[in-house]
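Remarks on the overall topology
Here is what each chain is made of, one letter per residue.
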Amino acid sequence: MNQETEKLQQYQKLIQARNRFTIGFASLPVFVCLCYYILKIFIPIQGLVFVLTMIVGIFGYIFVMFGFLMKDICPWCKQHFFFQSNSSNSRLMKIHSFDLFFRKHCGHCNEPKQD
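Remember, predicted model here, so these are calculated numbers, not experimental data. What you see as residue numbers is a count from 1 along each chain, following the sequence as written. Where local features are concerned, this predicted model is filtered to residues with pLDDT of at least 70; where side-chain atom pairs are given and counted, the filter is 80 or more; whole-chain, interface and lining totals use all residues. Excluding hydrogens and water, the side-chain figures rest on all heavy atoms present in the structure.

1. Considering the side chain of Thr 53
Threshold: In DSSP terms, a helix is any run of H or I states spanning at least four residues, a strand is any run of E spanning at least two, and both are numbered starting from the N terminus. Whenever a nitrogen or oxygen atom comes within 3.5 Å of another N or O atom, the pair is scored as a polar contact, on the condition that within protein one atom can donate a hydrogen and the other can accept it, and that pairs from neighbouring residues in sequence are kept only if both atoms are in side chains. For this analysis, residues touch if any pair of their heavy atoms sits within 4.5 Å.
Checked against the element boundaries, Thr 53 lands in helix H2 (residues 46-69). At a separation of 2.7 Å, a polar atom in the side chain of Thr 53 contacts the main-chain carbonyl oxygen of Val 49. Thr 53 has contacts with Val 32, Tyr 36 and Leu 39, leaving out every residue within four places of it along the chain.

2. Some points on helix H1 (residues 2-42)
Formally: Expected helix span is taken as 1.5 Å per residue step, with the number of steps being one fewer than the number of residues. What the bend at a residue measures is the angle between two axes, fitted to the seven residues ending there and to the seven starting there.
Compared with the 60 Å implied by 1.5 Å per residue over 41 residues, the 57 Å span of H1 between its first and last C-alpha is a close match. If you look at H1, its biggest bend is around 35°, right at Leu 28, and the proline Pro 29 turns up within four residues after that.

3. Here's the deal with the environment of Glu 111
Relative to the elements of secondary structure, Glu 111 occurs in the segment after helix H3 (99-102). Counting along the chain gives 35 residues from Glu 111 to Trp 76, while the straight-line C-alpha distance between them is 7.1 Å. Glu 111 has contacts with Trp 76, Phe 81, Lys 104, His 105 and Cys 106, leaving out every residue within four places of it along the chain.

Here it is as structure tokens:
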């Protein structure tokens, strides 16, 4: 029973990580636009401002995505909770549309069953 309680706590942390990912992913365009306007004030070269803004945007996206993927592990089957791979030996993952933002069950083992 204690092991099941621990798994449910890990599940709650996983759902919280998904919520933080959603907020981070939604606020990333606002952050990139804000960065663009701040850099535009200090750097007179338009092309350089654009390139620097894209670099900040790419690193922001990588930071948000990898921060989420590090926590995307099902407490029950130890596979990806929100993403599904095409086969057992494939490393390519696919997302079913907006299912990532609303999924409450593992894509592999369909846990937690009591919801």
